[in-house]
Every structure is written in C-alpha cells, then in structure tokens.
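Inside the fold
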Amino acid sequence: MHSATVTLLRQRLAALAPLHLDITDDSHRHAGHAGTRDGGHFTVDIVAAAFSGKSTLARHRLVYDAAGDLMHGRIHALAIRARSPEEN
C-alpha cells in the first residue's frame, strides 16, 4: 500500500514543479504507533520555486494542499523539508 502512496504523492506534488523531490516511506519506523493502521508515515524533501519568499508554514500548506485527500487516509504523518532553489 505504501509504495502506491509514494507514487500518488509524487504525482500530486508534481503540481508544484519541483526541481528536487525525494519521498521516503518511514512507516516501518512507526510500527505499532497509534494511527499507523490508517495511513503511513512519510518524509518529503522538496525544492521548488513555488516556495520562494514564503514562510515555512505557507510552504507546508502548499505541500498539504497538493497532497489533498491523501492526508485523510493514506498518509497519517508527513515530515516536510521544503526549500526554494535559492536555499538549496
């Protein structure tokens, strides 16, 4: 299930036109934690011009908005490192 989620998340985040995108499935590190039955744990490292001039909160909102309904089932937790090209 989780590899399919990574594929779907990668497709959704393509809307941000990332220059770099790395998605890691960390679910195995959270086995047995509350909520893991309902979705996986993932880390996103993304660089996109869409983040230029935006606060960390605004960047995370862009990622969550792009992920959309994946955040309500397939993804339980998402760690985000969002940078602009200038910060890369």
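The preceding data block contains the structure.
To keep things clear, this report deals only with the structure shown in the data block. This structure is a prediction, so every number in the text was calculated from the model and none was measured.

**A short note on the overall build of the chain**
When you go through the chain residue by residue, the secondary structure sums to 2 helices and 3 strands. Seen in sequence order, the chain has helices and strands lined up from the N terminus as α-β-β-α-β. Here the chain, with 88 residues, has 35% of them falling under the buried criterion. In the chain, 68% of the contacts between residues at least 6 apart in sequence involve partners at least 24 apart.

**A closer look at the pairing of strand β3 (residues 75–83)**
With 8 bridges joining them, strand β2 (residues 40–47) and β3 adopt parallel strand pairing. Note on β3: the bridge partner recorded for D45 is R81.

**Thoughts on the sheet that holds β2**
Taking strand neighbours across the sheet as the criterion, the 3 strands line up as β1-β2-β3 in an open arrangement whose pairing is mixed. Each edge of the open sheet is held by one strand with a lone partner, namely β1 (20–25) and β3. Each adjacent strand pair in this sheet contributes to an overall mean axis angle of 15°, direction not counted. Sheet topology note: the β1/β2 ladder contains 6 bridges and is antiparallel. Counted as the bridge partner of H20 is V47 from β2. Across the sheet, helix α2 (residues 56–67) is in contact with β2 and β3; its angle to β3 comes to roughly 130°.

About the criteria used
- Residues numbered from 1 in each chain as written.
- Predicted model: local features only at pLDDT ≥ 70, side-chain atom pairs only at ≥ 80, totals over all residues.
- Heavy atoms only, no water.
- Helix = DSSP H or I, 4+ residues; strand = E, 2+ residues; numbered from the N terminus.
- Buried < 20%, exposed > 50% of the residue type's maximum accessible area, 1.4 Å probe, protein only.
- Contact = heavy atoms within 4.5 Å.
- Pairing = 2+ DSSP bridges.
- Axes fitted to C-alpha atoms, helices over the stretch in contact; angles between N-to-C directions.

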